[in-house]
Amino acid sequence: MKILYICTHNRCRSILSEAITNHLADGLIEARSAGSQPAGQVHPLSLKYLAEAGIATDGLQSQSWDEFEDFAPDLVITVCDSAAGESCPLWFGKSLKLHWGLEDPSKLSGSDEQIAEAFRHCIDLIKARVLVLKDLVGQDKSTWAKALQQLGASQ
C-alpha cells in the first residue's frame with residue numbers, strides 16, 4: 001500500500017504521519033508526505049519528538065504535492081482540516097481519500113511540558129491509526145475501500 005499524507009504546509013502532522021508509518025509498517029506500507037503550500041522546512045519540534053519516540057527522521061522534508069504525480073498513492077490521507085477542504089490535483093483521482101483531522105501540536109502555546117504532551121499525544125494517535133492500516137494491508141486489496149470507508153474514507 002502506498003500512502004500520501006497531505007497537510008497544507010507539510011511541516012508537522014503530515015511529516016509525523018510519514019515517519020511513523022514508515023517506522024511501524026515493516027515495509028508493508030510506503031508513506032510520503034506533501035503539502036499544497038509547503039513551508040519548505042520541517043518543524044524542529046516534529047523532529048525532536050520523533051527522535052524521542054525512537055523514530056528515524058533522516059530524509060524528512062517539506063515538499064509540494066506536485067512532486068508526487070508519479071507516486072500513484074493507493075490512499076491519500078489529509079491530516080489538517082484546511083487541506084481536507086482544498087481541491088486536490090486531478091492525479092489523486094483514483095486514490096481512496098481519508099481525513100484524519102489531527103490537531104496541530106506545533107501551534108499550541110503553553111509550557112514546554114504542555115507542548116511536549118501535545119506532540120506525544122499526536123504521535124500516539126497516528127501510531128494507533130497506522131496499526132489499523134497495517135492490518136488492512138494483509139487483506140485482499142478489493143476489500144480496502146469498504147474497510148477504509150468504515151474509517152471515514154471517501155472515493
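Above this note sits the structure.
Report on the accompanying structure. Keep in mind it's a predicted model, so treat the numbers as computed, not measured.

### A look at the sheet that holds strand 3 (residues 75-78)
- Across the sheet, four strands lie side by side as 2-1-3-4; this open sheet has parallel pairing. At either end of the open sheet lies a strand with only one pairing partner, and these are strand 2 (30-34) and strand 4 (96-99). Here the strands of the sheet are splayed against their neighbours by 20 degrees on average, with no regard to which way each runs.
- Pairing geometry for strand 1 (residues 2-6) and strand 3, over four bridges, is parallel. Bridge pairing in strand 3 places I3 opposite L75.
- Each of strand 1 and strand 2 touches helix 1 (residues 13-24); the most contacted strand, strand 2, lies at about 170 degrees to it.

### Remarks on the side chain of H43
- Along the chain, H43 turns up in the loop between strand 2 and helix 2 (44-52).
- For H43, a relative accessible area of 11% puts it in the buried group.
- Here L45 takes part through its backbone nitrogen, which lies 3.1 Å from a polar atom of the side chain of H43.
- Once residues within four sequence positions are removed from consideration, H43 is found in contact with R11, S106 and F119.

### With respect to unusual backbone geometry
- Of note, D26 is a non-glycine position whose phi angle comes to about 50 degrees, a positive value.
- Take D26: it is sitting in the loop between helix 1 and strand 2.
- Residue A72 is not a glycine yet carries a positive backbone phi of 55 degrees.
- Note on placement: A72 falls in the loop between helix 2 and strand 3.

### What to know about a negative patch on the surface
- Taken together, the side chains of D66, E67, E69 and D70 define an acidic patch exposed on the protein surface.
- Within the fold, E69 resides in the loop between helix 2 and strand 3.

Criteria and cut-off values
- Residues numbered from 1 in each chain as written.
- Predicted model: local features only at pLDDT ≥ 70, side-chain atom pairs only at ≥ 80, totals over all residues.
- Heavy atoms only, no water.
- Pairing = 2+ DSSP bridges.
- Helix = DSSP H or I, 4+ residues; strand = E, 2+ residues; numbered from the N terminus.
- Axes fitted to C-alpha atoms, helices over the stretch in contact; angles between N-to-C directions.
- Contact = heavy atoms within 4.5 Å.
- Buried < 20%, exposed > 50% of the residue type's maximum accessible area, 1.4 Å probe, protein only.
- Polar contact = N/O pair within 3.5 Å; in protein donor to acceptor, adjacent residues only side chain to side chain.
- Patch = residues over 30% accessible without salt bridge, like charges linked within 9 Å, V, L, I, M, F, W, Y side chains within 5 Å.
- Areas by Shrake-Rupley, 256 points an atom, 1.4 Å probe, with all protein chains shown as cover.
- Salt bridge = Lys/Arg side-chain N within 4 Å of Asp/Glu carboxyl O.
- Lys, Arg positive; Asp, Glu negative; His and termini not counted.
- Charge placed at Lys NZ, Arg CZ, Asp CG, Glu CD.

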